[in-house]
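Descriptive structure summary
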2 protein chains.
Amino acid sequence: MLPSYRRLVVVALAAALVSCGRSGAPVDTIWSARYVVTMDPSRTVIENGAIAISGDHIVEAGPRSEIDAKYTSSEHLDRPNAILAPGLINTHTHAAMSLFRGIADDVRLQDWLDNYIFPAEAKNVDREFVRWGTRLAALEMALSGTTTYTDMYYFEDTVAEETKAAGLRGVLGETIIGFPSPDFKSPQAALAGTETFLKTYANDPLIVPAVAPHSIYTNSDETLVACRRLADRYQKPLVIHLSETKKENDDSLAQRKKTPTAALDALGVLNGWTIAAHGVWLDDADLAILKSHGTGIAHCPSSNMMLSSGVAPVTKMLALQMPVGLGTDGVAGSNNDVNMMEEMDLAAKLQKVTTNDPRSLPAKDAFAMATILGAKALRMDKLIGSIEAGKRADLITIRIDEPNAVPMYDVYSQLVYALKGADISDVMVDGRTIVRGRQMLTLDEPSILAKAREYREKVSASLRSPKP
Amino acid sequence: MLPSYRRLVVVALAAALVSCGRSGAPVDTIWSARYVVTMDPSRTVIENGAIAISGDHIVEAGPRSEIDAKYTSSEHLDRPNAILAPGLINTHTHAAMSLFRGIADDVRLQDWLDNYIFPAEAKNVDREFVRWGTRLAALEMALSGTTTYTDMYYFEDTVAEETKAAGLRGVLGETIIGFPSPDFKSPQAALAGTETFLKTYANDPLIVPAVAPHSIYTNSDETLVACRRLADRYQKPLVIHLSETKKENDDSLAQRKKTPTAALDALGVLNGWTIAAHGVWLDDADLAILKSHGTGIAHCPSSNMMLSSGVAPVTKMLALQMPVGLGTDGVAGSNNDVNMMEEMDLAAKLQKVTTNDPRSLPAKDAFAMATILGAKALRMDKLIGSIEAGKRADLITIRIDEPNAVPMYDVYSQLVYALKGADISDVMVDGRTIVRGRQMLTLDEPSILAKAREYREKVSASLRSPKP
């Protein structure tokens with residue numbers, strides 16, 4: 001990952017240190033902080049901890065004194081007033097919709113779709129829109145601690161380009177849907193486009209290409225089955241919305257005499273690597289089906305509250321040891337941000353009030369959902385989601401020296417209930433530092449904000465068409 | 001309010017300007033911003049707006065060009081990338097509990113009280129604790145946009161001193177409770193202490209002293225009635241917790257055959273200026289009683305979710321045009337911050353998901369709850385809660401040039417769903433600037449954070465007593 005010149009310098013420096021009596025294996029970078037919250041299987045928290053990083057991966061994490069004794073590096077980021085944690089994983093979003101932030105809030109779903117989202121998308125969404133929308137979302141995600149996100153939108157090849165340029169990790173799938181989309185005229189065309197995408201990103205270090213049928217109610221059975229086959233052929237995930245609303249369930253029961261989960265199962269669509277978003281209206285039989293397939297669930301509390309979709313049975317899913325992560329969903333009327341620090345807080349509080357038990361979804365589990373459980377939901381937990389030797393170096397530091405961060409009695413409580421997206425200081429993905437001291441290093445913030453304001457004028461004008 | 005020397009300079013400057021051909025009445029300060037969200041009765045939003053301020057009050061708000069033509073000032077704060085809004089009003093908290101931030105989360109109420117809060121308070125809460133805890137909360141409140149807060153805790157005379165020193169506005173009441181408290185051995189002593197407090201702060205520009213019986217279930221009827229009489233004698237508010245939990249209601253029904261509201265009403269305790277916190281378990285008859293008395297309600301969504309208390313019927317209260325504000329509650333296991341920007345977002349989303357209607361509690365109403373409706377809940381809406389000529393200059397600016405703030409289609413949506421406490425830039429209370437460019441001008445942040453960390457050690461040690 002490093003230019004060979006720098007490797008040479010590091011090696012030379014290590015040799016020099018050894019020759020003057022200090023030992024230590026050379027690594028590219030050492031990050032240290034007041035607390036390292038590893039999210040490893042024992043949930044180890046290392047006080048005054050450090051992480052040695054080489055190339056794209058973590059070499060070792062441990063007490064700072066040990067890491068310093070064992071490794072040498074010309075680069076060292078020390079944050080004595082911060083927590084060092086695994087990067088946050090947003091398991092469901094539509095990133096480019098950031099350009100529609102708050103376009104239509106506080107309205108009924110059908111009104112929202114018919115009078116705002118569909119016309120706005122029809123009139124505005126093209127490749128450039130997706131490019132700038134993804135840049136804006138990437139900026140906001142990175143600055144609030146997200147290192148990996150799952151996306152389902154249009155022009156997903158452009159999303160992939162922009163995700164790589166930002167330095168984020170992405171599970172990205174082109175929306176496959178039963179009507180013409182901004183870039184494909186039919187689901188067949190979208191499937192073909194997806195296959196090209198799967199080939200292009202088959203072995204990318206940052207991008208996991210996915211097959212993304214929108215939902216059971218917007219696709220034919222044939223398309224859904226074709227999606228599963230395509231995903232299996234390339235051994236990539238299938239991403240889908242599932243049981244988001246009561247209407248989706250009611251319609252499925254009326255038309256198919258089966259819940260959406262049972263119907264997808266009967267079609268064989270759930271046989272394999274699947275990430276299902278929402279899962280609000282899952283019953284016990286659905287949960288058993290999803291558990292048996294190891295389906296990952298993306299719980300989106302903010303979106304489910306904002307759109308009155310309902311409350312997903314997260315406490316039940318966790319008791320069943322199902323892999324449940326957190327997602328922000330898109331920002332147009334269903335959030336309106338991509339801030340995972342808020343999603344953790346909201347998820348925990350929503351479970352407590354709806355299960356009538358304050359012990360539901362405790363802070364440690366909520367933080368797990370944003371990290372290692374999210375990685376499990378994406379079936380990427382061998383690579384990301386915790387700080388362990390050999391895993392990808394996807395790391396964040398979070399300041400604990402702002403007034404909202406003191407005093408600290410419990411590190412998980414602080415992470416989930418007290419710390420904010422704005423407390424994120426540094427972000428590394430795949431061994432590359434993309435945010436340092438809240439400065440995004442990979443994107444040009446002023447041009448992105450200027451472009452977002454331009455789009456605001458264009459989108460607003462497009463919605464000003466007369467209504468009946 | 002200004003030192004006479006500065007007044008002189010301003011007058012001299014104004015005179016000089018007039019003499020060189022420019023007219024305009026002299027004012028102390030002019031604040032201008034991209035948008036001025038007034039929250040006046042017509043909900044006027046002024047694009048490129050400005051506010052002329054003299055002494056403690058707003059002289060006039062309007063388009064910047066008009067204000068600049070009409071007034072002259074040697075001081076001018078211009079925020080072309082911000083919203084200028086009324087300061088936020090936190091209608092219920094226990095500020096000093098900030099030193100217990102996250103001391104015991106995710107536990108049942110009785111466990112929380114018996115094993116954490118009561119022992120922690122018994123062993124730690126003294127005048128110095130309250131002093132530093134209030135300072136910490138004041139810092140966090142101001143930096144997240146709160147200008148007025150309602151407090152109920154102990155050593156409230158020290159809370160008043162620290163509130164004035166921070167430059168915040170406070171409705172402050174010493175907790176009156178049927179067992180020995182850290183500063184008073186009996187409710188009678190607390191009542192006597194409250195009377196002294198009411199006298200001391202009878203005419204303070206920043207402090208509204210209150211009479212604060214903790215609740216119906218922790219006080220005798222005699223104490224509750226004495227509280228009402230004391231409040232009436234001094235024409236100050238009575239602050240009380242009301243129907244926070246189902247248990248409170250069930251116990252009241254079992255013991256008194258009346259809901260807490262009906263029981264308080266029968267005692268005459270609601271006859272007058274009252275601020276009731278929570279109101280989760282109010283039935284229709286309770287709402288009618290509270291409406292008839294004009295009782296202000298402090299809705300605390302985060303606390304009610306975190307402690308599994310339930311969901312207050314806010315949508316119903318607003319339909320009845322009851323004065324409902326927002327409160328953070330204390331930060332020890334029931335929030336864990338005093339960030340009103342989050343409380344707005346949470347309140348709106350919680351109503352939507354529980355009423356099954358995304359139109360419930362729209363952004364404009366949620367922002368009203370944090371400003372003018374909160375002022376009405378405190379019966380202080382003639383003084384604060386909106387930007388109108390003659391009202392106190394309690395103002396905040398909120399940056400709209402961070403990635404989470406663009407693009408902006410609707411200013412209320414942005415305020416409630418997208419902007420964060422960390423986006424607050426400047427804060428003025430009673431005409432005095434207390435935060436400028438996120439720097440707290442009235443408090444010494446490093447010493448407060450250091451002291452909070454010291455208390456962390458002391459409090460942790462006090463909880464390490466052996467448990468059965």
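Rules used in this analysis
- Residues numbered from 1 in each chain as written.
- Chains lettered and ligands numbered in written order.
- Predicted model: local features only at pLDDT ≥ 70, side-chain atom pairs only at ≥ 80, totals over all residues.
- Heavy atoms only, no water.
- pLDDT = per-residue confidence, 0-100.
- Contact = heavy atoms within 4.5 Å.
- Buried area = accessible area lost by both parts, 1.4 Å probe.
- Salt bridge = Lys/Arg side-chain N within 4 Å of Asp/Glu carboxyl O.
- Polar contact = N/O pair within 3.5 Å; in protein donor to acceptor, adjacent residues only side chain to side chain.
- Helix = DSSP H or I, 4+ residues; strand = E, 2+ residues; numbered from the N terminus.
- Buried < 20%, exposed > 50% of the residue type's maximum accessible area, 1.4 Å probe, protein only.
- Pairing = 2+ DSSP bridges.
- Domains from an automatic or database assignment.
- Phe/Tyr/Trp six-rings, centres within 6.5 Å; stacked < 30°, edge-to-face > 60°.
- Lys NZ or Arg CZ within 6 Å of the ring centre and 35° of its normal.
- Least-squares fit on C-alpha atoms with pLDDT ≥ 70 in both.
- Core = buried A, V, L, I, M, F, W, Y, C linked by side-chain atoms within 4.5 Å.
- Expected span 1.5 Å × (residues − 1).
- Arc of directions from axis to C-beta.
- Axes fitted to C-alpha atoms, helices over the stretch in contact; angles between N-to-C directions.
- Parallel < 35°, antiparallel > 145°, perpendicular 65-115°, else oblique.
- Left-handed = near helix turned anticlockwise from the far one by under 90°.
- Nonpolar A, V, L, I, M, F, W, Y, C, P; charged D, E, K, R; others polar.

Further remarks concern the confidence of the model for chain A. With 94% of its residues at a pLDDT of 70 or more, chain A shows a mean pLDDT of 94. Here residues 1-21 of chain A is a poorly scored stretch, pLDDT under 50, and it has 16 contacts once near neighbours within four places are set aside; other chains count.

Of the residues lining the interface, 67 residues belong to chain A; the matching set on chain B comes to 66 residues. When the two sides are added together, the surface that chain A and chain B hide from each other amounts to roughly 5,200 Å², 56% of it contributed by carbon and sulfur. At the surface where chain A touches chain B, the tally comes to 8 salt bridges. Counting across the chain A and chain B interface gives 30 residue pairs in polar contact (both at pLDDT 80 or more). Listing elements by their share of the side of chain A that touches chain B, those giving two or more residues are helix H4 (127-143), helix H11 (301-306), helix H13 (340-355), helix H16 (411-418) and helix H17 (445-463) of chain A.

Let's shift gears to the pairing of strand S16 (residues 424-429) of chain A. All names here are of chain A. Summarising burial for S16: 6 of the 6 residues are buried, a large majority. Alignment of strand S15 (residues 395-399) against S16, held across 4 bridges, turns out to be antiparallel. Residue Thr397 lies in a different strand from S16, and its bridge partner there is Asp426. By the bridge criterion, 3 bridges tie S16 to strand S17 (residues 432-436) in an arrangement that is antiparallel. Across the sheet, residue Met428 finds its bridge partner in S17, namely Thr433. Taken together, S16 and the strand that follows it, S17, pair antiparallel across an intervening segment of 2 residues, in which Asp430 is found at a positive phi of about 55°.

When the parts come together, some accessible area is lost, and that loss is often what is quoted as the size of the interface. Residue and element names in this part refer to chain A. Partitioning chain A into structural domains gives domain 1 (4-86 + 394-437) and domain 2 (88-377). Between domain 1 and domain 2, the residue contacts involve 24 residues of the former and 31 residues of the latter. In total, domain 1 and domain 2 occlude about 2,100 Å² of area from one another, counting both sides; carbon and sulfur atoms represent 67% of this. Contact with domain 2 buries surface across domain 1, with Met39, Val416 and Tyr417 losing the most and accounting together for 28% of the total. Our enumeration of links across domain 1 and domain 2 arrives at 2 salt bridges. The partner of Asp430 in a salt bridge is Arg169, with the nearest N and O atoms 2.8 Å apart. The interface formed by domain 1 and domain 2 contains 3 residue pairs in polar contact (both at pLDDT 80 or more).

All names here are of chain A. Scanning all chains against the criterion turns up 10 aromatic pairs over all chains. With a centroid separation of 6.3 Å and 80° between ring planes, the pair formed by Phe118 and Phe179 is classed as edge-to-face. A residue pair is termed long-range when its members are at least 10 positions apart, and Phe118 in helix H3 (residues 109-124) and Phe179 in the loop between strand S9 (169-176) and helix H6 (187-200) qualify at 61 residues. Note on Phe118: relative accessible area 36%, which makes it partly exposed. Plain terms: the ring middles of Tyr153 and Tyr154 are 4.9 Å apart, the flat faces sit at 50° to each other, and that makes the pair tilted. Accessibility expressed as a relative area gives 8% for Tyr154, which makes it buried. Ring pairing ties together the aromatic residues Phe100, Phe129 and Tyr455, which thus form one cluster. Between Arg135 and the ring centre of Trp132, over which it is positioned, the NZ or CZ distance is 4.5 Å.

All names here are of chain B. Here Arg101 shows up in the loop between strand S7 (88-93) and helix H3 (109-124). Along the backbone, Arg101 and Val331 are 230 residues apart, and their C-alpha atoms lie at a distance of 5.2 Å. One polar contact links Arg101 to Glu140, side chain to side chain, over a distance of 2.9 Å.

Another aspect to go through is the relation of the copies chain A and chain B. With an RMSD of 0.0 Å, chain A superimposes on chain B once it is rotated by 180° and translated 0.0 Å along the axis. Classification of the inter-copy transformation places it as that of a two-fold axis. Using C-alpha coordinates, one finds that chain A approaches the rotation axis most closely at Ala422 of chain A, a distance of 3.2 Å. In this assembly, 99% of the residues forming the interface of chain A have copies in chain B that are likewise at the interface, indicating an isologous arrangement.

Before going further, it helps to spend a moment on the nonpolar core. The biggest cluster of nonpolar side chains holds 116 residues, and the ones touching the most others in it are Ile83, Phe100 and Phe367 of chain A. Examining the composition of this core, we find that 10 residues originate from one element, H4 of chain A, more than from any other. Per-domain counts for this core show at least three residues from each of domain 1 (4-86 + 394-437) and domain 2 (88-377) of chain A. With near-sequence residues (within four places) excluded, Phe367 of chain A lies in contact with Val37, Met39, Ala85, Pro86, Leu88, Met344, Tyr412, Leu415 and Val416 of chain A. Ranked by size, the runner-up nonpolar core spans 115 residues in total, among them Trp112, Val125, Ala137 and Ile424 of chain B.

Bringing H17 of chain A into the picture now. Residue and element names in this part refer to chain A. Across its 19 residues, H17 extends 27 Å between first and last C-alpha, which sits within 8% of the 27 Å expected from 1.5 Å per residue. Restricting attention to buried positions, one finds in H17 the residues Ile448, Leu449, Ala452, Tyr455, Val459, Ser460 and Ser462. One side of H17 carries all its buried residues, which in axial view fall inside an arc of 145°. In this structure, the buried side of H17 is in contact with H3 and H4.

Residues and elements named next belong to chain A. Within the secondary structure, Glu60 sits in strand S4 (residues 57-63). Every residue in contact with Glu60, bar those within four places of it in the chain, is listed here: Ala50, Ile51, Ala52, Ile67, Lys70, Tyr71 and Ala389. For Glu60, the side chain forms a polar contact with the side chain of Tyr71, separated by 2.6 Å.

Below, the discussion takes up the environment of Asp204 of chain B. All names here are of chain B. Mapped onto the fold, Asp204 is located in the loop between helix H6 (187-200) and strand S10 (207-213). Distance from Asp204 to Thr150, taken between C-alpha atoms, is 15 Å for residues 54 residues apart in sequence. Polar contacts involving the side chain of Asp204 include one to the side chain of Lys164, which spans 2.6 Å. Among the polar contacts made by the side chain of Asp204, one reaches the main-chain amide nitrogen of Ile207 at a distance of 3.0 Å.

Strands sit in the order S4-S3-S2-S6-S15-S16-S17-S18 (chain B) across an open sheet of 8 strands; the sheet is mixed. Pairing within the sheet leaves two strands with one partner each, and these edge strands are strand S4 (57-63) and strand S18 (439-440) of chain B.

Before going further, it helps to examine the sheet that holds S16 of chain A. Residues and elements named next belong to chain A. Spatially, the 8 strands line up as an open sheet ordered S4-S3-S2-S6-S15-S16-S17-S18, and their pairing is mixed. Lying at the two open borders of the sheet, with one neighbouring strand each, are S4 and strand S18 (439-440). Sheet topology places strand S6 (residues 75-86) next to S15; 5 bridges connect them, and they run antiparallel. Its bridge partner being in S15, Pro86 is matched across the sheet by Leu395.

This next bit is on the packing of H3 of chain B against helix H17 (residues 445-463) of chain B. Residues and elements named next belong to chain B. Packing of H3 against H17 leaves a shortest axis separation of 9 Å and a crossing angle of 120°. In terms of axis orientation, H3 runs oblique to H17. Pair H3 / H17 crosses with right-handed handedness. Two secondary-structure elements touch here, H3 through Asn115, Tyr116, Pro119, Ala120, Lys123 and Asn124 and H17 through Lys458, Val459, Ser462 and Leu463. Grouping the amino acids of the contact of H3 with H17 by side-chain chemistry returns 5 nonpolar, 3 polar and 2 charged.

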